[in-house]
Amino acid sequence: MNARDLTKINVFGKGFFGNRLFLGIIAISCVFQVIIVEFFGRGASVASLSWKQWLISVGIAAITLPMGVVVKLLPVGGKGAWSIFQDGEGEGKQNYLEKRVTELENELGELKDKMAEILAIKAK
């Protein structure tokens, strides 16, 4: 749920409870997890859980929501965590991603060149 929108602290904001498809997927995932653990545990290499263990598991999972808020509030370069998607001019995520793709393409080209050198040395 914390991954729904990296820039918003409140992941339960507008549209969360109104999105029936999303809520249905979450509910089906929970039901399948219970079924797998309780009825197909041997095949999944897991043991059945007691009620206490289920409550502890749900509690641990619930802790991830406030932890997500804390992580989003951590400063990255003096700004909020979502600032990684903004360049110096604040042009946003698209520009950041385009620059990152270019960087990765350049790194890939360098790796190809190094691989060609290694293969040439091995061929001698």
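Residues numbered from 1 in each chain as written. Predicted model: local features only at pLDDT ≥ 70, side-chain atom pairs only at ≥ 80, totals over all residues. Heavy atoms only, no water.

Colleague: Which parts of the structure should I look at to understand the overall build of the chain?
Modeller: Looking only at helices and strands, the chain features 4 helices and 0 strands. Here the chain holds 124 residues, and 11% of them are scored as buried. Here the contacts in the chain between residues at least 6 apart in sequence split such that 30% fall between residues at least 24 apart. (Helix = DSSP H or I, 4+ residues; strand = E, 2+ residues; numbered from the N terminus. Buried < 20%, exposed > 50% of the residue type's maximum accessible area, 1.4 Å probe, protein only. Contact = heavy atoms within 4.5 Å.)

Colleague: Just checking my understanding: could you explain the environment of Glu103 for this structure?
Modeller: Turning to its location among the elements, Glu103 is positioned in helix H4 (residues 93-123). Reaching out from Glu103, the side chain makes a polar contact with the side chain of Arg100 at a distance of 3.0 Å. (Polar contact = N/O pair within 3.5 Å; in protein donor to acceptor, adjacent residues only side chain to side chain.)

Colleague: Explain a negative patch on the surface to me, please; I cannot follow it from the model alone.
Modeller: A cluster of like negative charges, contributed by Glu107, Glu110, Asp113 and Glu117, occupies part of the molecular surface. Counting through the fold element by element, Glu117 comes out in helix H4. Glu117 gets classed as exposed once you look at its relative accessible area, which sits at 52%. (Patch = residues over 30% accessible without salt bridge, like charges linked within 9 Å, V, L, I, M, F, W, Y side chains within 5 Å. Areas by Shrake-Rupley, 256 points an atom, 1.4 Å probe, with all protein chains shown as cover. Salt bridge = Lys/Arg side-chain N within 4 Å of Asp/Glu carboxyl O. Lys, Arg positive; Asp, Glu negative; His and termini not counted. Charge placed at Lys NZ, Arg CZ, Asp CG, Glu CD.)

Colleague: Honestly, the environment of Ser50 in this entry has me stumped. Any pointers?
Modeller: Inspection of the secondary structure assignment puts Ser50 in the loop between helix H2 (41-44) and helix H3 (51-73). Take Ser50: its relative accessible area is 34%, and that puts it in the partly exposed class. Residues Ser50 and Glu38, 12 residues apart in the sequence, show an inter-C-alpha distance of 9.6 Å.

Colleague: Quick question: what am I supposed to make of H3 here?
Modeller: Side chains that are three or four residues apart share a direction in an α-helix, a result of its 3.6 residues per turn. In this model H3 runs 34 Å from its N-terminal to its C-terminal C-alpha over 23 residues, within 8% of the 33 Å that 1.5 Å per residue would give. Along H3, the largest kink reaches about 25 degrees and is centred on Pro66. Buried residues of H3: Trp54, Gly68 and Lys72, and no others. Looking at the buried residues of H3, the elements they touch are helix H1 (20-39). (Expected span 1.5 Å × (residues − 1). Bend = angle between axes of the 7 residues up to and from the residue.)

Colleague: I tried to follow a nonpolar patch on the surface on my own but got confused; where do I start?
Modeller: There is a patch of nonpolar side chains on the surface, built from Ile28, Phe32, Ile36, Phe39 and Phe40 and spanning about 580 Å² of accessible area. Looking at the secondary structure, you find Ile28 in helix H1.

Colleague: Where do I start with the confidence of the model for the chain in this structure?
Modeller: When pLDDT is low, close inspection of the predicted coordinates is not appropriate. For the chain, the mean per-residue pLDDT works out to 77, and 70% of the residues sit at or above 70. Of all the helices and strands in the chain, H2 carries the lowest mean pLDDT, 78, while H1 carries the highest, 87. (pLDDT = per-residue confidence, 0-100.)

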